[in-house]
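Commentary on secondary and tertiary structure
Residue strings, one per chain:
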Amino acid sequence: MIGIVLMASVAALVAPVTGTLGYRRLKQVRNARLMRITTPNGINEQDFVRIGGIDQWISIRGEDRNNPVLLELHGGPGSSNSIYGARTRPWEKHFTIVRWDMRGTGKTLGRTGADGPAEPSFDRIHEDALEVTQHVRARLGVDRVILVANSFGTVFGLRLARQHHHLYSAYVGTDQNIHAGSRDDSARQALLARLRAAGKRKDAATVEEMGPDVRAWTAEQHAALAKLTVTSDPLTFETMKTVVVRSLWFSPLHSLRELGQFFKGMKLSERIIPGTAAFDDWADGTRFDLPFFIFHGDQDVFTTPELAKRFFDDVQAPVKDFALITDAGHFASFRHPDQFLTLMLTKVCPAITG
């Protein structure tokens, strides 16, 4: 759902960072050079794969095919992680990274459109994720992969890890989204406090009028709340500009035309969110038969660390750990990819190697 905000705010955010198209091209060339993989046992594949009856874009990159395989589930929904390739380049020394543009997202959207069989829904993307998992296992010859989900991707991730643990060596959630059956209103209350402190009475009245029951909100109300949550918090708004927008603008994998597809996919994703509002992660089950990790931004106002920790404390798993990424709100793993990599190497790798 955070992807909705980026599209709504893009004009204001891009202006300070774009500069000229010439400078953009220079940065793209530098990032492309940074992202080269030249090791003898490396892998660098980007292509469309037939998933769920349509062509979907999948990237597989790493310096050593023998490294653990990490399958990402991006957030938004509709907010592709492929834009972060330059920021996360050091991860590829230790892991084979699989990035997938979900149905209705990024390059997949550009290839297939959004109508008919290509139209995204929660259940359809969930089935796609299982098929992508099977494709990656077969392509790389591994029994299990590490499932790393961020933001709205964690809504899929929890269900995959709970129901299909035999496919995954560990679950790692970051910007962990927890659904509490509309019992938790803390993030909205915190937003109201920020708006009132800033004297934004009209915005506060809009949020107040929505009420605490997220199950009754429209897609437009979810989008409005997300935008206010991000723009009312300086750290999240600054991260949006310096991490998300810069990564998108300077990505060597994306043309100007594909930038439009990126935003179109975020708008399209609004349809999915209301259907998940009634989810209850406690009711669905807190037992996970695989190592379970949450690495969360310590100042995340969108998916709060307090709610994520409450759920984590109730999780039963063979191994589990919770850690905060410091000086981070939402997009924590991409704001501080070095901290996230350290957590992966010191906590997740020992758990999956026994």
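Source: prediction; values computed, not measured.

In terms of regular secondary structure, the protein chain is built from 14 helices and eight strands. Computed over the C-alpha atoms, the radius of gyration of the protein chain is 19 Å, within 12% of the 20 Å expected from 2.2 N^0.38 for a compact globule of 354 residues. Its C-alpha atoms put the protein chain at 60 × 50 × 40 Å along the principal axes. Out of the 354 residues belonging to the protein chain, those deemed buried represent 59%. Of the roughly 14100 Å² of accessible surface on the protein chain, 51% is carried by carbon and sulfur atoms.

Let's shift gears to the pattern of salt bridges. Where charged atoms from two side chains of opposite charge come close, those side chains can pair. Evaluation of the coordinates by the stated rule reveals 24 salt bridges. Residue Asp55 is joined to Arg50 by a salt bridge in which the shortest nitrogen-to-oxygen separation is 3.1 Å. Arg50 gets classed as exposed once you look at its relative accessible area, which sits at 55%. Taking the shortest distance from any N to any O, the salt bridge between Arg61 and Glu92 comes out at 2.8 Å. Highlighted residues: Arg61 in strand β2 (residues 54–62) and Glu92 in the loop between β3 (69–73) and β4 (96–100), separated in sequence by 31 residues. Side by side, Arg61 and Glu92 carry an identical accessibility label, which is buried. When salt bridges that share partners are traced, they join Arg61, Glu63, Arg89 and Glu92 into one network.

This paragraph deals with the nonpolar core. Residues Ile58, Leu73, Trp100, Tyr168, Tyr171, Phe288 and Phe292 are the most contacted members of the largest nonpolar core, which totals 44 residues. The element best represented in this core is helix α4 (residues 122–140), accounting for seven residues. Apart from the residues within four sequence positions on either side, Leu73 is in contact with Trp100, Met102, Ala129, Leu147, Val148, Ala149, Asn150, Gly153, Phe156, Gly157 and Leu160. Listed in part, the 37 residues of the second largest apolar core include Val244, Trp249, Leu259 and Phe293.

Cut-offs and rules
- Residues numbered from 1 in each chain as written.
- Predicted model: local features only at pLDDT ≥ 70, side-chain atom pairs only at ≥ 80, totals over all residues.
- Heavy atoms only, no water.
- Helix = DSSP H or I, 4+ residues; strand = E, 2+ residues; numbered from the N terminus.
- Rg over C-alpha atoms; globule rule 2.2 N^0.38 Å.
- Buried < 20%, exposed > 50% of the residue type's maximum accessible area, 1.4 Å probe, protein only.
- Areas by Shrake-Rupley, 256 points an atom, 1.4 Å probe, with all protein chains shown as cover.
- Salt bridge = Lys/Arg side-chain N within 4 Å of Asp/Glu carboxyl O.
- Core = buried A, V, L, I, M, F, W, Y, C linked by side-chain atoms within 4.5 Å.
- Contact = heavy atoms within 4.5 Å.

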